[in-house]
Every structure is written in C-alpha cells, then in structure tokens.
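# Structural features, examined
Here are the chains, one letter per residue:
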Amino acid sequence: MALITLRRNFCHISDFWIPGAVAALKIHPANHVQKIVKDRLHVWFCSLHPGLFRVRFHHSYCKNFHSRNGNDLHPVAEPWFSQAQEWNQPDRSLARGDEETLCKRLNSFTSPDEVLSFLSTQDTLPVTLASAALHRICEVGERDYEQRLPQGVLENSIFRALCLQCGRDPSRLTDDAMVTALQSLVTLPVDPQGSLMLTLMAECRSRLQRGLLEARLLCILGESLVRLQGAGCETLELVLCQLQSKNLETFAPEDIVAIYRILQACPEKVDKHQTFLNTINNFSLSIVSFLSPKSISHVLTALVALDQTQAIPLVIKLGKHMVRYIPRFTSEELGKVLEAFVYFGYSDRFFTEALERHIAALCLSLDPDVTSAVMAYCSRKRIRSEPILDAVAEAFVCQSERFSPSQISELIEPFGKLNYLPPNAPALFRKLENVLSAHFRCFPPRMLLRLLHSCSLIGCHPVNFMSKIFSPFFLQRLQGEEPCADRVSLAQLTQLFLTSVLECASYKGPKLLPQYQVKSFLTPCCSLETPMDLHLYKSVVMGLIDLLGSRLYFASKVLTPYCYTIDVEIKLDEDGFVLPFTVDEDVHKRVALCIDGPQRFCSDSKYLLGKEAIKQRHLRLLGYQVVQVPYHELELLTSRLELVEYLQSKLFPSNSPVHW
C-alpha cells in the first residue's frame, strides 16, 4: 500500500521525474520495487532542498516508507539522524539479559552486512550495544576487505547512525563502550578534528587523567592513539605511564602483545621506557604458551623493531613453542617470524625439521614472500636443508612467473652459498636462464651479479651472460654514480672472470678489464673466503713443526697470484723433498693445506660452503695439491702424537716417501 501511495504522490509533483521508475512499478512485483525505488531515488533525494521535501527512513530498508511535507522530519541528505534518534528515545530500553543476548548475536556475525542487517530490525539500541556493533563491523570488515571497510558500508545509513549514537553524548558511555567506539572510529575515514572525534577524545582524556581505565582498556586506547595521532601524542605518554603502574599479573596475553605494538610504533621512546620493556620481556616468558600464531608474529616483529637483543631468552622460548604450530601460521606471519629469527641469529634443529615438513607439504602453493623468507633463514644460518631447497626449486620451475626479480635472487643465491644442486638442477637453471634472457634489464646490476656469481659457485656457469657482465656498459651501470664499484662486486667479477678462464673453455667473449680486477678475495668484511679458525690453526702449526722438524718448511696465509689466500703452503721438489718456504727455484709441486673450521661448512654438516668449494676447485685446476684438514676430523684426535700421524697421512700418503 505504501508503494502505491508513493507512486500516486509522485504523479502530483510536476518537476519530479525519474526515467524508468513508473515502468518498474508496473512491471515488477512489490518486493522487487522496494529495491529499485530505493536505488533510483537516492540521487534525487539527496539533491532536494531539505525544506521542500523530507523523508523518514525506518531501519534503512524503507519499511513503512512515507513521504510528506513538513518540518518535523530530518533532512534526507542525513537519513541516519532519524535512525539514531529512534534508537535513542528514553522510553525504549533493554533488560541486561537482552543486552547480553544481543552481544552474543553480534559476535556471531562474520560480515558487516550481517551486522547491519541485524541492526535494521532493532527498534532499541542502547549506546553500549551501539559501540559493540560498531567495533564488530570494523573488526570483520577490516579482516575481509584488507584493512579498509568498503565504501558501501561507510555510506550505509545504519552505520552512520551507529557513529552518531556513540559520539552524541560520550559521558553516558561505559569505559569499555567509549574506548571501543574510539577504537572503531579510528579505523574509518573520519576527520580527526571533527566534533565526533574531538568529543570522544576529550572524554577519554578526562577519564584517563582520573585513572579510571583498567589495563585492557589502556592498551586499546594506546593503540588507537598511535593510529590517530602518531607516536608524538601527549596522551599516549600518559597511557604508557599508567600501564607501568599496573600489576602485570592482571594483564591478559593479548594486552602484553598490545603493549609491544604500542612501543613498536614509537621506537624513539624505547630508551625512556627500556626498564618497563625489560620487565615486559621477562614477564612474557610466562605467557608464551598462551600466545596465538598471530600474537607470536607481532611480538617477534616488535622485538626486531625495538632492537631487543637482550631478549634472546624470549626469542628462544617463542621459537621452541611454535614448533608444533607452524602449519597454523599464515604466510605473512611465518615470514615475519623467519625475519626475526634471522635478525636475532636464532636457529633450532626441531624448528628446522618442522619447517621442512611444512614447506614440503606446501611445495607448489608456496607464497613467494614466504619462499624468500625461508631461503633467507636457511642462507643466513647456513642450513643446508635438502627438503626445503628441493621444494623451493620445484616451486620456481613450475611457477617462475610468480616471483619478482628480487625474489628470484633471494631464491637462487642460497643454492650457491650452501653448495647444493637439487635433483631438478637442469630444469631449474634452464628456467633461470630463460627468465634472465627475457627480463635481463629488470634485474639491478648488483643483484644480477650476485645471482650469476652464486650459480658459478656450484659449477652452473652463466656462460651466456658473461659477455654482458664484462661489457663496459654493464660495468658502468654497476658503478653508477660512485667513483668506483664496491669491493664485493669487483671481487665477484674477478672470480667470475677466473671461472671463465679455468672452467669455461667454450667462452670466447670479452675479458674483464684489469682495472676491475682485485688482488685478493680475502677482505675484512664480505669476503669471498672464510678466515681461518685461529684455534685450529695453532694446533695444526704445532703438529707440522713436529712432523717437518722446523717452522722453516711451511708458510702461512700465502696470497697466490690468483687472488686466493692459502692457509698453509708446503713446497716439494721433483724428488718429493720438502723445500724451505723461502725457496722459489726447483719447486715441482705446491701443497695447499686448507684448515677448515666450522664456519667454512654448512651448519651441522660436512658440506663445504659454496665459496670454499669453488676455492678448492680452482686451486686444483691451478696445479695445487689441495689437502683438506676439516675440524670434525681434528676433534677426534686425543694427543699430539695422533695429530702428527694424522698430518703425515694427509700430506704424505703411505706410498709416498717424505723427506726434509
């Protein structure tokens, strides 16, 4: 009947016409007309002068839809005022039990539309429920729409009425409702200087100064202030001071996580609040078992941002706790966790095994960001995990188009560093070559050089790209605006050039110009060689003196003409006699003794790192007799006599006479 009346009234308005409206009323049934009229009349309603035509919306679904002239209704341009006033009438109230029931209903909804649809059926909505409803809308909306509510929700009349209801008279709000309303509004595109926000902020500040807020609400308020006004907010400092006065035993685990997020947002305040942060770090040890995967990710991210290197016990406990729950972490959360472990230098065998199972199970569905984080973790901790490396190699071969240039570099470089060729190595490097050929200019010069250099470490030489990286054009790009290329890049270029000479007989392209070649691969930082373990070196030197009879018969840390530094060099003549290291004539053979400490191997394994493997490979090609003395063999020796016998068996096998 209302629709028929509406249509009849429209006919008497001479300056009113909406194309298709009458046709819609004739053709479609009444339940369909309601939607069409609402959609098509919206623009016209908003364009009318408020004094000429006013409309009352009931529950935003045009129930009991009426139009009439008069001054007792609210402007159509602001239909949500009507709804807010109806909710707010003093003669309408709810029993406490009814409020609790409605709260449970609100928390069961999983989308903003469900909440708004439910609210449209309510004739009464106390301010406490309004704030709870607003919070639920923002909570589920941000989760479903990537941290932003859709425009349709923001423009919804019920939603706007909620905002008005919460900000009309904040003094009537409970502490919980007030903080919840502010928390919700902060996530919306609401003017921070508007009357609604200023009123709520003033009320929050008033109650904060009176010390009325409990710990949970202080945490919520603190995070809201960070999002609203940033780390420089004066009220935020008051929140932090009041949090420090609270008993941590009364804090819920999510409150502790919220404190970490607050401090993470204002790292400049860390020095001032470091004592409080130390207390939080120590207390957090007792709540680790109660933290969700998301909370663990937030805590570790905050510890990194705040540079809490003294909180290693907390990092270790978090790592041990999450071993059983790795599959529950989202890709983003797992990536943050791995970044934190890399930052703090943490690794654990059980964690690595759990990570292996998780990555192997995902395989082709691996997220590129997670793949990069996993490979960075393995590379930094020198973890030669075959299940992880195999899964990553397979993922790249099947879905290389998903990876960006930086992700490809982060994915491939660990294979070279960890000296590992996966079972599908031919397919992997064929795919890599195709990607580089198609997108060569998309890779920054230094990134491309690192990528190609890592391939050469494991004998997969980038012959088809050597002429490009040795060209003046590429070298100019590599140098950029600096007077010269950085030392590490020059060392990588030099080693690639040496590789082209020693291992790539088919390469006939341009050579690397002398001014771009380094003299030594061993440098104080970012070296292409690993320095000797001094403790092992001293032990081996004592054994060599006992074996050879004098320190005169071997030299230490010898820089060769080929840029490599030999730990110990022994010279032999044609008859096998040991020559003094000062003699350069009649040298028939040079023995390169490699004293390989733990840092030259992958973690907990007997596999050399890629840079040590290529060094020994090149020394053999250059004519040296390479003798490897690994730490895990030296550790088995129990006496000096055993050491001498061990060195003799290494340097001079039983079928070779020893003379000095």
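All figures in this text were calculated on a predicted structure; none of them were measured in a lab.

A few words on the overall build of the protein chain. Summing up its helical and strand segments, the protein chain has 31 helices and 7 strands in all. Relative to its 660 residues, the protein chain shows a buried fraction of 51%. Across the protein chain, contacts joining residues at least 24 apart in sequence account for 70% of those joining residues at least 6 apart. As displayed, the protein chain has an accessible area near 31900 Å², and 53% of this comes from carbon and sulfur atoms.

Time to look at helix 10 (residues 175-186). Here helix 10 spans 17 Å end to end across 12 residues, near enough to the 16 Å set by a 1.5 Å rise per residue. In terms of burial, helix 10 is largely enclosed, as 9 of its 12 residues are buried. Looking only at helix 10, the buried set comprises Ala-177, Met-178, Val-179, Thr-180, Ala-181, Leu-182, Ser-184, Leu-185 and Val-186.

Regular strands place side chains that alternate from one sheet face to the opposite one. Here strand 6 (residues 589-596) lies mainly inside the structure; 6 of its 8 residues are buried. Examined bridge by bridge, strand 4 (residues 565-572) and strand 6 share 5 bridges and lie antiparallel to one another. When the sheet's bridge partners are listed, Val-568 is paired in strand 6 with Leu-593. Examined bridge by bridge, strand 6 and strand 7 (residues 625-630) share 6 bridges and lie parallel to one another. Following the sheet pairing, Val-591 is matched in strand 7 by Gln-625. A crossover connection joins strand 6 to the parallel strand 7 through helix 29 (residues 610-621); in handedness this β-α-β unit is right-handed.

Of note in this structure, Asp-307 is not a glycine but carries a positive phi near 55°. Position of Asp-307 relative to the elements: it lies in the loop between helix 16 (293-305) and helix 17 (312-321). Taking relative accessible area as the criterion, Asp-307 reaches 41% and is therefore assigned partly exposed. At Lys-557, a residue that is not glycine, the phi angle is positive and equals roughly 50°. Relative to the assigned elements, Lys-557 resides in strand 3 (residues 555-559).

Before going further, it helps to spend a moment on the pattern of salt bridges. Evaluation of the coordinates by the stated rule reveals 20 salt bridges. Put simply, Arg-450 and Glu-413 hold a salt bridge, and the shortest N to O gap is 3.3 Å. With Arg-450 in helix 24 (residues 445-457) and Glu-413 in helix 22 (residues 405-417), this pair connects stretches of sequence that are 37 residues apart. Residue Arg-450 is classed as partly exposed on the basis of its relative accessible area, which comes to 33%. Accessibility expressed as a relative area gives 22% for Glu-413, which makes it partly exposed.

Let us look at a negative patch on the surface. Side chains of Glu-332, Glu-339, Asp-369 and Glu-410 sit close together on the surface and give a patch of like negative charge. Residue position: Glu-410 is located in helix 22.

It is worth spelling out the packing of helix 10 against helix 11 (residues 195-209) at this point. Close contact between helix 10 and helix 11 brings their axes to 10 Å; oriented N to C, the two are set at 140°. With respect to helix 11, the axis of helix 10 lies oblique. For the crossing formed where helix 10 meets helix 11, the hand is left-handed. For the pair formed by helix 10 and helix 11, the contact residues are Asp-175, Met-178, Ala-181, Leu-182, Leu-185 and Val-186 on the first element and Leu-196, Met-197, Leu-200, Met-201, Glu-203, Cys-204 and Arg-207 on the second. A per-class count over the contact of helix 10 with helix 11 returns 10 nonpolar, no polar and 3 charged.

Turning our eyes to something else, we now look at the state of the cysteines. In this structure the tally under the stated criterion is 0 disulfides. For Cys-398, which is in no disulfide, the shortest distance to another cysteine sulfur is to Cys-363 and amounts to 7.3 Å.

Per-residue pLDDT for the protein chain averages 82, and the proportion of residues at 70 or more is 82%. Considering each helix and strand of the protein chain separately, the mean pLDDT is smallest for strand 1 (residues 54-56), with a value of 32, and largest for helix 29, with 97. Predicted confidence for residues 1-82 stays below pLDDT 50, and this span has 92 contacts to residues more than four positions away or in other chains. Throughout residues 88-94 the model reports pLDDT below 50, and contacts reaching past four residues in sequence, or to other chains, amount to 12 contacts.

The next thing to look at is the packing of aromatic side chains. Aromatic ring pairs: the centre-centre distance and the angle between the two ring planes describe each pair. Applying the stated rule across the entire model yields 11 aromatic pairs. The interplanar angle of 50° and the centroid separation of 5.3 Å between the aromatic rings of Phe-109 and Phe-118 together place this pair among those described as tilted. Each member of the pair, Phe-109 as well as Phe-118, is classed as buried. Between the aromatic rings of Phe-440 and Phe-465, the centroid separation amounts to 6.0 Å while the plane-to-plane angle is 5°, which identifies the pairing as stacked. With Phe-440 in the loop between helix 23 (425-438) and helix 24 and Phe-465 in helix 25 (residues 463-469), the pair connects residues that are 25 residues apart, well separated along the chain.

Moving on, we come to the pairing of strand 4. The buried count for strand 4 comes to 8 of 8 residues, which makes it a mostly enclosed element. Bridge count between strand 3 and strand 4: 4 bridges; the pairing is antiparallel. Bridge assignment links Leu-559 to a residue of strand 4, and that residue is Thr-565. Between strand 3 and strand 4, which pair antiparallel one after the other, the connecting turn spans 5 residues, and Cys-563 there sits at a positive phi close to 80°. As paired strands, strand 4 and strand 5 (residues 578-579) are joined by 2 bridges and run antiparallel to one another.

Inspection of the secondary structure assignment puts Ser-500 in helix 27 (residues 487-502). Judged by relative accessible area, which is 5%, Ser-500 ranks as buried. For Ser-500 and His-461, which are 39 residues apart along the polypeptide, the C-alpha to C-alpha distance reads 8.1 Å. When residues no more than four places from it in sequence are discounted, the contact partners of Ser-500 are Met-466, Phe-470 and Tyr-507. Of the polar contacts made by the side chain of Ser-500, one reaches the backbone oxygen of Phe-497; its length is 2.5 Å.

Procedures and definitions
- Residues numbered from 1 in each chain as written.
- Predicted model: local features only at pLDDT ≥ 70, side-chain atom pairs only at ≥ 80, totals over all residues.
- Heavy atoms only, no water.
- Helix = DSSP H or I, 4+ residues; strand = E, 2+ residues; numbered from the N terminus.
- Buried < 20%, exposed > 50% of the residue type's maximum accessible area, 1.4 Å probe, protein only.
- Contact = heavy atoms within 4.5 Å.
- Areas by Shrake-Rupley, 256 points an atom, 1.4 Å probe, with all protein chains shown as cover.
- Expected span 1.5 Å × (residues − 1).
- Pairing = 2+ DSSP bridges.
- Right-handed = clockwise from strand over helix to strand, strands pointing away.
- Salt bridge = Lys/Arg side-chain N within 4 Å of Asp/Glu carboxyl O.
- Patch = residues over 30% accessible without salt bridge, like charges linked within 9 Å, V, L, I, M, F, W, Y side chains within 5 Å.
- Lys, Arg positive; Asp, Glu negative; His and termini not counted.
- Charge placed at Lys NZ, Arg CZ, Asp CG, Glu CD.
- Axes fitted to C-alpha atoms, helices over the stretch in contact; angles between N-to-C directions.
- Parallel < 35°, antiparallel > 145°, perpendicular 65-115°, else oblique.
- Left-handed = near helix turned anticlockwise from the far one by under 90°.
- Nonpolar A, V, L, I, M, F, W, Y, C, P; charged D, E, K, R; others polar.
- Disulfide = S-S within 2.5 Å.
- pLDDT = per-residue confidence, 0-100.
- Phe/Tyr/Trp six-rings, centres within 6.5 Å; stacked < 30°, edge-to-face > 60°.
- Polar contact = N/O pair within 3.5 Å; in protein donor to acceptor, adjacent residues only side chain to side chain.

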